[in-house]
Every structure is written in structure tokens, then in C-alpha cells.
Protein chains: 2
Amino acid sequence: MDRPALPPDLRRALEASVGSDHVVVDPDLLVAHERDWTGRFGGATPALVRPADTAQVAAVLAACTRAGVAVVPQGGNTGLVGGSVPRRGEVVVHLGRLQRLDVDAHAGRVVAGAGVTVARVQEAAAAAGWSYGVDLASRDSATVGGTVATNAGGIHVLRHGPTRSQVLGVEAVLADGRVVSHLGGLVKDNTGYDLAGLVCGSEGTLAVVTAACLRLVPALPVRTVALAGFADAPRAIRAAGRWRRAVSDLVAEELFFDDGLSLVCEQFGLPRPLRATHDAYVLVEAAAADDPTERLAEAVGADPEVGEVAVATDAGGAERLWRYREAHTEAINALGPPHKLDVTLPESALPAFVREVRDAVAHLAPDARTWLFGHVGDGNVHVNVTGLAPEDDRVDGAVLELVAAHGGSISAEHGIGVAKLDWLHLNRSPEELAVFRAVKGALDPDGTLNPGVLVPPG
Amino acid sequence: MDRPALPPDLRRALEASVGSDHVVVDPDLLVAHERDWTGRFGGATPALVRPADTAQVAAVLAACTRAGVAVVPQGGNTGLVGGSVPRRGEVVVHLGRLQRLDVDAHAGRVVAGAGVTVARVQEAAAAAGWSYGVDLASRDSATVGGTVATNAGGIHVLRHGPTRSQVLGVEAVLADGRVVSHLGGLVKDNTGYDLAGLVCGSEGTLAVVTAACLRLVPALPVRTVALAGFADAPRAIRAAGRWRRAVSDLVAEELFFDDGLSLVCEQFGLPRPLRATHDAYVLVEAAAADDPTERLAEAVGADPEVGEVAVATDAGGAERLWRYREAHTEAINALGPPHKLDVTLPESALPAFVREVRDAVAHLAPDARTWLFGHVGDGNVHVNVTGLAPEDDRVDGAVLELVAAHGGSISAEHGIGVAKLDWLHLNRSPEELAVFRAVKGALDPDGTLNPGVLVPPG
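Colleague: What should I look at first to understand the overall build of chain A in this one?
Modeller: Per the secondary structure count, chain A includes 16 helices and 18 strands. For a compact globule of 458 residues, the expected C-alpha radius of gyration is about 23 Å, and chain A comes in at 23 Å, within 12% of that figure. Each principal axis of the C-alpha distribution contributes one length, and for chain A these read about 70 × 55 × 45 Å. Looking at chain A as a whole, 61% of its 458 residues qualify as buried. Contacts in chain A between residues at least 24 apart in sequence constitute 72% of all its contacts with a sequence separation of at least 6. A total of about 16,600 Å² of accessible surface is found on chain A, and carbon and sulfur atoms cover 52% of it.

Laid out in C-alpha cells, this is it:
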């Protein structure tokens, strides 16, 4: 794609706002911000702008809106649906310099700038004797701004809810530069519309998040991990449901299958985790102030449908068991860029979906293969498909239509971005989409903020 | 106030939509719906309309919008800020006939019509082996529609969050009759703006809630209640903070003072709950699957600032201790209609506020008396003032300005309604209020829904 030019007036205005050092137009420096890390989504930008604080973000947005130039807010650029990269010449507004981090150890909350990474929030929380309720593989790159804007999920939604559940308030800048800020952090606060909740999950289309007040949760220092093998998926899914109803200490419940496990063991030279081979596996983690092993072992050990189980009560053993689950992404990527679809199914529909989605994909091409894994505790399945050309998007339609037919969500935690825009109608009625457009029009009437993302054209 | 007339064309349209039996114009039947239960807020309505289902709600709203007649949605009419009664001739749309109630015992959630009471949700949850996370004194009258529309709080926010935390999705009707519905109940669902969260707490100004999908929480059958006396408010507030950080089983933490306790004992002929007289009292309840008494007693009994403590481990004893807290409202009302202000303070500011608010009120009039009680676990204080004329609203300004000066919220759980509209600027900036107006304008461009409530004129 040809790189669009930055209008000279806008360049002067941006340089006046953030300093010329922070208006980057060198193509060599821009490329890293023009494509997402899957490599699937991206375009060219005329400039990357790096404001240092909220006032500079406001000046940048106001200048872009006046110039009629659209912007894409960017944090750690770990999004998976094409929402944080330029697509049609947007200016990239990078929030990396917003590094405010104030911990209130007494109240158990933190005010963090948009550019602070999730890992840094976690560390600050731990240092204050608390924990942050969100954890995800991209923790060292993903930022507060990006995870709030996309309502990021991760492995602890089962226990603590998604990012929206942590957000006590946000500070955000509207397209015209007005700042809306509500960072007082009061849990009980019925003083009007929940703007924080509206901005959370809006994928940069309504306002640019510059800071958030996040609740912290009690630290749960003692953890136990169990890995159980099952004869088939329905047994595994049923057992996972029983455990999360019986054991209140669960923080994660993950599902994977023998094909994925075999691939992981092969690619990383790992021993198989259990003596026998099983069709389906559930990895379950409990964490508490005291030792949850007995409570977890009671549920897992006594379960009539478990084939075999391994339990790790020390940190090293827990990491070893988690490795079998976490290495799935890397192992599958090594086969070539997969199609990745992140969906939620109602618990009752999950066994049928697991069976039917493999069939649906197999029909698309002789080499097409389905890899399934995910957060079974939330009904969240990551469907990875290899053996198809990257541009072959028949698989998106086939999988997402099956999800919708089972009452599921076509996006569990990654969002809509541009990747799923064509399928949003499967989950959202024309009336809901009209409301999306009305809300977008009310907050960003000029369409400056992340055009083409999340809100389908009318 | 003169009763406005219902335009004949609109009457015909409403009767065609819901049947003539459900378009009530008899003044004798209307009066009960024209004033709130505090008696402070109300006006006259030309008609009460009782739709039977969502389609009828849609037809009613479309007809009113076409006729240019505003509406007030009404559920149990237990609101305390004047948001659920007609003020300037609005038609009252009563949701009491929307009685759908579908429990998913396996998944732990319920889909409930707007007219279902909180008590009925609680009963249905209990019958399915679960619990509903919201409880409040008006449980037998307050409805799902009203509690969702106002993001109702109550005594268990400390443990389960406010109503918004329970809402997995809503069905609602826009002013023009379009229905937006998202009742699938998936926890992980990032398919666009959080319309449910936006409608929750919008006080009937954006859409009329017709149903909600509500999460249920695990039943916590074993409960223990302790009542502790303290030499002063700062000691009580500090201890309450320590306990909720140390005891994860807490479900409620309430604060009251000796003047309120003495009034309750006197009016209801109750014995004093503790041997000695103390300045401040904290009532704390723990609930769990197993007996939480030891964990609670360890924290409360070992606390160095407690003067004296009573513990109840049986239901009868627990009810007796709760009675001292719950009877405050009735005992104070018996002195004459109080000014009631529901506010949140940051924990660190609460001791100073408790001291200063009494002084601020005492300056207003020689007979003015301040009664304080509330949900100390959330920083939520109910400020009741007696000895002032009902129309003397100097007290609202005096108290709410003090709240704002301490970084608090002028509405913890009751909402803004019309009662606090003049003070909303204390908590919300001109930019935030402009966003409120923009969102309102986008969803209800004709201003049909609950005009004059929550959104100040521009």
C-alpha cells in the first residue's frame, strides 16, 4: 500500500502539541506499527504520534478531527482482530508514554495510564499485597489502554470477570479533544450513565482511553494445578462444569485435545503428562489464601468420568502442567499461519459444537485441520484452523455460523475489529447495530476514531 | 396539579395496543401511581398503561412518541429520587404484567421479566440451589425492571456488586418502539458496545427495560452475624476496613450510632443489644458454604479497637441483631418526613465526613438533627435529617457539597432522578454531562423517555 502523506498543516499542529521528536514519519520506524502481530491485518500510516499525557492526547485528537484525518489508537498492538493498526491511512496515536501508576494499597485499587502494561499492573498489585484480576499471555506487551478498550479476557475470567469487571472508572478523550474523567474509584456511584463500561469494549471507536482506575483483588498465594484425561469431549466438559460448581477456589479451567497435546509434545520435546493417551484433557487451577489442594483433589479425584489425573502442588510442577496448554499457540503457528477464531458456546452446546466444527472445517479443503483449545470454564473455545490459504475466509463463515446456530458468541474475548465485522449480524440484530451507529455518531460525529472497526456501515 | 388530558388519538392507539382494560384513566386508580412512597415527588398523569409483553411495550412507546407525549416507566415505584413518577403529565407505562421467569439451574442464571419482584427472583434462585446477589429492604415491591434501570445496590454489594454486576444482558425497548434484545447470558461476549451496562443505571431515560438475564451466585447457607460497639466512629470505620480485608466471607458490613440505636430501642421497645453504651456500632455478617463463625470471630474478637461484641450464629439471633440496623428507617420516619441523602465516601474520608456533616446540618436550624447509618463496607452512608421543613433544600446542598469536597459520590445507590439533578455537577464535569446529553439524544431523539430525569438540560 502506498504510504499516504501527512497534510503539512496537521504535521505542524501535531508537532506543536507533542514536540517534533514524537511525530514519527520515518517509514523505517513506522512499519512496526502498521501491521498486527498475526501479520494478517495492517496498512500504511502517514505518521505515528506519541503524546506524553492526557492533555497532549486531547490536542492530537482535536487537531486530527479538525484536519479530517482519522486516527487509530495503539497500545501494545497485541490485538488479534485488526483493530489497532492503520487500514486506510489513519494516523497512529500511540499511548506508550502514558505511564502513570498510582497504587492505593489500603483501598485495593490502582490508577494506571494507558501505556502501562498488564504485567506492570500485576507487579504493582503484588507489591502492595493484592492481585490484579486479569492475566493473559500477552501480559508483557498488552497495555491498560488496550485491554480496557477491548474488554480483554484471559485465563482468570472464571474467577474475576473480564477487564470490564475490574474497571472502576476511566479517563478518556473524545474525538474533538474533550476529556471525560471519572477516576474516583468508588464502587457505589450511581451518578449517571456508565461511561466507563461503555468505553470498555468499544475498541477505540468512541474515545481514546488515557487512564483507568482498576480494582485489585485479594492475593491468592497458594495454588494447585490438576490435569485430568477423559475418554471424550462430552465427559471432559461435563466434569469441568461439575468442578466449577463444587470448588469455589477455581481460577482457571482449560480444555484441550490429544491432537494438540501430541503436537506440543512433539514440537517441544516434552514427555506426555499422563501415562495413558486420552481424547480430551482439562487443566484446572485452584488458588486460595490457604491450601486448596484437598478441596480440588476431592472434586477431581472422586469424579467418576476422569480417566487419569496428575496434580501439581509446587510452582515448578504447576508451570510444567500449564506448559502443555500454553504451548498450543506456538506449536500450531509453526505449522503455518492459522485461521484463529475465538468464540463462546453455551455449556450445553459445547459437546455438539466440538464435534460439528471439525466436520464443518474438514469439508472446506482436504488439508484443513481443526485445533481446539480454550477456557472451558467460560465456554470460550479458540478454534485454530491450519491447511487453508490465509485469504480463504470461508472458514470464518463456516465456524461463526455454526457458533451462532448453537447460541454462542462469535467473539468471546478478542473483539470484532475488522476481522469479524462481516459476521457481527449473526449475534446482533439490525436494531442493535442501529443503536451502535447512533452511539458512535453521538460521541464521534466526524468518524475520526478507528473508522471501520466494530460498527458496521448502515 | 391539574390532570392533563390524554389526546383521543393516542388513547385509541394505546387501547388498540394493550386493550381498553389496560389503559387506566380513572383518577381514583391513578393516584397510587402518581406519587413516590416518600411522598416527596410526584405529579399527575393522564393515563396508566399496562402492556402485557415486550411487543405491547413497543407499540405503546411508538404510539406515545408519534403523539409527542412523554412517558415514565414504572415498576414497584420504590425509587427514592423521583424518577418513577409523573412530574409534568407523562403517561405512566407500568411494567407489572411482564412476569416471565425462566431459571437455568445448570448454568446459574435467570431470565426475568421487568415486572418480576426481587423477592421472586430470590425465591426462584433458592429453589434452584442458587442465590441472587442483590438484596434490599424493598425486595417484595422492587422489580427487575426498576432495579436494573437504577442499578440498585442494597446490603450485599460488598460481596456481589450492584445490580449491574448481575446483569448478563437485557431486553429493552427504545422510544420509537424498536426492541433491542441480548439475553443469551454468555459471560464472555465481546460483540460490541455494552448496551446492557449502559441501560443499567440510566433511570428509564434511554430505553424501557422489559427483561434481563441475571447471573445467580452460589448459595451461602451458613451465616453468622456479629455486632460490635466502639468508643468512636474512627475506630469503628478502621475496624470495618480491617475485617473486610481479613475475612473473605463477609456479605454485609453496616454502621450506626448510639443516637439511632437509642431511638430504635425506645420506639420499638427493644432491649439494648450490648451491656454498655458505645458511640458507634458495626454490624457484620459472614456467610459461606461451611460455618464462617470461627473466621469471623477471630477477626472481630481479636480486634484491639472493639469495645464489646455480640455474636449470633442461629437465624433468630441474627434477625434480632439485624433489627437494630433495619429499624432505623422506620424509627426516623416516625419523627416526621426526613430529608434522605444517600452518599458514598472514600474510606479515608469517612471519619471526617461523619464529624463534619453533623456540624454542617446543625448550622441550618436549631432543631435540625442528623441520623447516620449505612453500608460502611462500601463507604455508603445514608444521611437522614429531621427537624427541617420538607421544602427546605438547603440541607441537600450543604451535605452534597461536603460529600463532593471529600471525593465522594452524591448518589451511592438511589440514583439522580429529579432529586439530585441540581447537584450532579458536583460529581460530573461539563464534558461528562455533554456526553450524557449526546447519548440521550442518540437513543431518544424526541425526548419521550423520562424527561427531566438524570440528564441536566444543556
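Colleague: Please explain the nonpolar core as it appears in this structure.
Modeller: It is characteristic of soluble globular proteins that their nonpolar side chains tend to be buried jointly. Among the nonpolar cores identified, the biggest contains 175 residues, and Trp243(A), Val383(A), Trp243(B) and Val383(B) are the most heavily contacted of them. Residues contacting Trp243(B), with those up to four places away along its chain left out, are Ala228(B), Phe230(B), Leu250(B), Glu253(B), Val282(B), Val284(B), Ala299(B), Val300(B), Asp303(B) and Val306(B).

Colleague: Help me out: how do you make sense of the relation of the copies chain A and chain B in this one?
Modeller: Overlaying chain A on chain B yields an RMSD of 0.0 Å, the required transformation being a rotation through 180° with an accompanying axial translation of 0.0 Å. The superposition operator between the copies reduces to a two-fold rotation axis. Of all interface residues in chain A, 100% are interface residues in chain B too; the two copies therefore contact each other through one and the same surface.

Colleague: Please clarify how the sheet that holds strand S16 (residues 339-344) of chain B should be interpreted in this entry.
Modeller: The strands making up a sheet are joined through hydrogen bonds of the backbone, oriented either antiparallel or parallel. Residue and element names in this part refer to chain B. On the basis of which strands lie adjacent, the open sheet formed by 7 strands has the order S15-S12-S14-S13-S17-S18-S16 and antiparallel pairing. What marks the edges here is a single partner per strand, and that holds for strand S15 (308-312) and S16. Here the strands of the sheet are splayed against their neighbours by 15° on average, with no regard to which way each runs. Where strand S12 (residues 222-230) lies against strand S14 (residues 280-288), 9 bridges are found, and the strand directions are antiparallel.

Colleague: What am I meant to see in the pattern of salt bridges here?
Modeller: A side chain of one charge can pair with a side chain of the opposite charge when the charged atoms of the two come close. Residues and elements named next belong to chain B. Scanning all chains against the criterion turns up 61 salt bridges over all chains. For Glu-285, the salt bridge identified is with Arg-223, shortest N-O distance 2.8 Å. Of this pair, Glu-285 sits in strand S14 while Arg-223 sits in strand S12, and the two are 62 residues apart along the sequence. Where Asp-290 meets Arg-295, a salt bridge forms, and the shortest distance between an N and an O atom there is 3.1 Å.

Colleague: How do you make sense of the sheet that holds strand S3 (residues 71-74) of chain A when you look at a structure like this?
Modeller: Residues and elements named next belong to chain A. Strand order in the open sheet made by the 4 strands is S1-S2-S4-S3, with mixed pairing throughout. For this open sheet the edge positions go to strand S1 (23-24) and S3, each flanked by a neighbour on one side alone. Sheet contacts for helix H3 (residues 54-67): strand S2 (48-49), S3 and strand S4 (91-94); angle to S4, the most-contacted strand, approximately 170°.

Colleague: Help me understand the interface of chain A and chain B in this model?
Modeller: Quoted interface sizes are often the accessible area lost when the parts come together. Facing the 63 residues of chain A at the interface are 63 residues of chain B. For the pair chain A and chain B, the summed buried surface comes to about 5,000 Å²; carbon and sulfur atoms form 61% of the total. A per-residue breakdown of the area chain A buries against chain B is headed by Lys188(A), Asn190(A) and Tyr193(A), which together make up 22% of the total. Linking Lys188(A) and Glu413(B) is a salt bridge whose minimum nitrogen-to-oxygen distance equals 2.8 Å. Joining chain A to chain B, the criterion identifies 37 residue pairs in polar contact (both at pLDDT 80 or more). Residue composition of the side of chain A that touches chain B, by class: 26 nonpolar, 24 polar and 13 charged.

Colleague: How should helix H4 (residues 118-127) of chain B be read in this particular structure?
Modeller: Three or more residues of H4(B) are buried, namely Val118(B), Ala119(B), Val121(B), Gln122(B), Ala124(B) and Ala125(B). Immediately downstream of H4(B), the backbone of Gly129(B) shows phi near 85°, a positive value.

Colleague: What am I meant to see in the packing of helix H14 (residues 350-362) of chain B against helix H15 (residues 394-405) of chain B here?
Modeller: The angle between the axes and the distance between the axes are what describe a pair of packed helices. Residue and element names in this part refer to chain B. Their axes nearest at 10 Å, the elements H14 and H15 cross at an angle of 155°. The angle between the axes of H14 and H15 places the two elements in the roughly antiparallel class. When you trace H14 past H15, the crossing you get is right-handed. The residues of H15 that touch H14, namely those facing Phe-353, Glu-356, Val-357 and Val-361, are Val-395, Val-399, Leu-402 and Val-403. A breakdown of the residues in the contact of H14 with H15 according to their chemical character gives 7 nonpolar, no polar and 1 charged.

Colleague: It is not clear to me how the side chain of Asn384(A) should be interpreted in this structure. Could you clarify?
Modeller: All names here are of chain A. Checked against the element boundaries, Asn-384 lands in strand S18 (residues 380-386). Among the residues examined, Asn-384 registers a relative accessible area of 1% and is labelled buried. Polar contacts involving the side chain of Asn-384 include one to the side chain of Lys-340, which spans 3.5 Å. If near-sequence neighbours (up to four positions away) are discounted, Asn-384 is found in contact with Ile-332, Pro-338, His-339, Lys-340, Arg-369, Thr-370, Trp-371 and Phe-373.

Colleague: In this structure, what is going on with the packing of helix H9 (residues 233-246) of chain B against H14(B)? I would like to understand it.
Modeller: Residues and elements named next belong to chain B. Orientation of H9 relative to H14, taken along the N-to-C sense of each, is 150°, at an axis distance of 9 Å. Comparing the axis directions of H9 and H14 gives the class roughly antiparallel. Where H9 crosses over H14, the handedness of that crossing is right-handed. Across the interface between the two elements, Ala-233, Pro-234 and Ile-237 of H9 pack against Leu-350, Pro-351 and Val-354 of H14. Residues belonging to the contact of H9 with H14 are distributed by class as follows: 6 nonpolar, no polar and no charged.

Colleague: It is not clear to me how the pairing of S15(B) should be interpreted in this structure. Could you clarify?
Modeller: A regular strand carries its side chains on alternate faces of the sheet. Residue and element names in this part refer to chain B. Residues of S15 alternate between two faces, with Glu-308, Ala-310 and Ala-312 buried on one and Val-309 and Val-311 left unburied on the opposite face. Two elements, S12 and S15, share 5 bridges in a ladder whose sense is antiparallel. Each bridged residue has a counterpart across the sheet, and for Gly-229 the counterpart in S15 is Glu-308.

Colleague: What's the story with the packing of aromatic side chains in this structure? I'm lost.
Modeller: Aromatic ring pairs are described here by two measures, namely the spacing of the ring centres and the angle between the planes. Residues and elements named next belong to chain A. One pass over the structure, following the stated rule, counts 6 aromatic pairs over all chains. Pairing Phe-230 with Trp-243 gives two aromatic rings, centres 6.0 Å apart and planes at 40°, and the pair type is tilted. Here Phe-230 is found in strand S12 (residues 222-230), whereas its partner Trp-243 is found in helix H9 (residues 233-246), with 13 residues between them in sequence. Of the two residues, Phe-230 and Trp-243, both sit in the buried class. Plain terms: the ring middles of Phe-256 and Tyr-281 are 5.6 Å apart, the flat faces sit at 15° to each other, and that makes the pair stacked. Taken together, the positions of Phe-256 in strand S13 (residues 250-257) and Tyr-281 in strand S14 (residues 280-288) put the pair 25 residues apart, joining distant regions of the chain. Look at Phe-256 and you get buried, because its relative accessible area is 0%. According to the relative accessible area criterion, Tyr-281 is buried, its value standing at 1%. Above the plane of the ring of Phe-257 lies Arg-358, whose end atom (NZ or CZ) is 4.9 Å from the centre.

What counts as what
Residues numbered from 1 in each chain as written. Chains lettered and ligands numbered in written order. Predicted model: local features only at pLDDT ≥ 70, side-chain atom pairs only at ≥ 80, totals over all residues. Heavy atoms only, no water. Helix = DSSP H or I, 4+ residues; strand = E, 2+ residues; numbered from the N terminus. Rg over C-alpha atoms; globule rule 2.2 N^0.38 Å. Buried < 20%, exposed > 50% of the residue type's maximum accessible area, 1.4 Å probe, protein only. Contact = heavy atoms within 4.5 Å. Areas by Shrake-Rupley, 256 points an atom, 1.4 Å probe, with all protein chains shown as cover. Core = buried A, V, L, I, M, F, W, Y, C linked by side-chain atoms within 4.5 Å. Least-squares fit on C-alpha atoms with pLDDT ≥ 70 in both. Pairing = 2+ DSSP bridges. Axes fitted to C-alpha atoms, helices over the stretch in contact; angles between N-to-C directions. Salt bridge = Lys/Arg side-chain N within 4 Å of Asp/Glu carboxyl O. Buried area = accessible area lost by both parts, 1.4 Å probe. Polar contact = N/O pair within 3.5 Å; in protein donor to acceptor, adjacent residues only side chain to side chain. Nonpolar A, V, L, I, M, F, W, Y, C, P; charged D, E, K, R; others polar. Parallel < 35°, antiparallel > 145°, perpendicular 65-115°, else oblique. Left-handed = near helix turned anticlockwise from the far one by under 90°. Phe/Tyr/Trp six-rings, centres within 6.5 Å; stacked < 30°, edge-to-face > 60°. Lys NZ or Arg CZ within 6 Å of the ring centre and 35° of its normal.

Distances and angles like these do not, on their own, reveal function.
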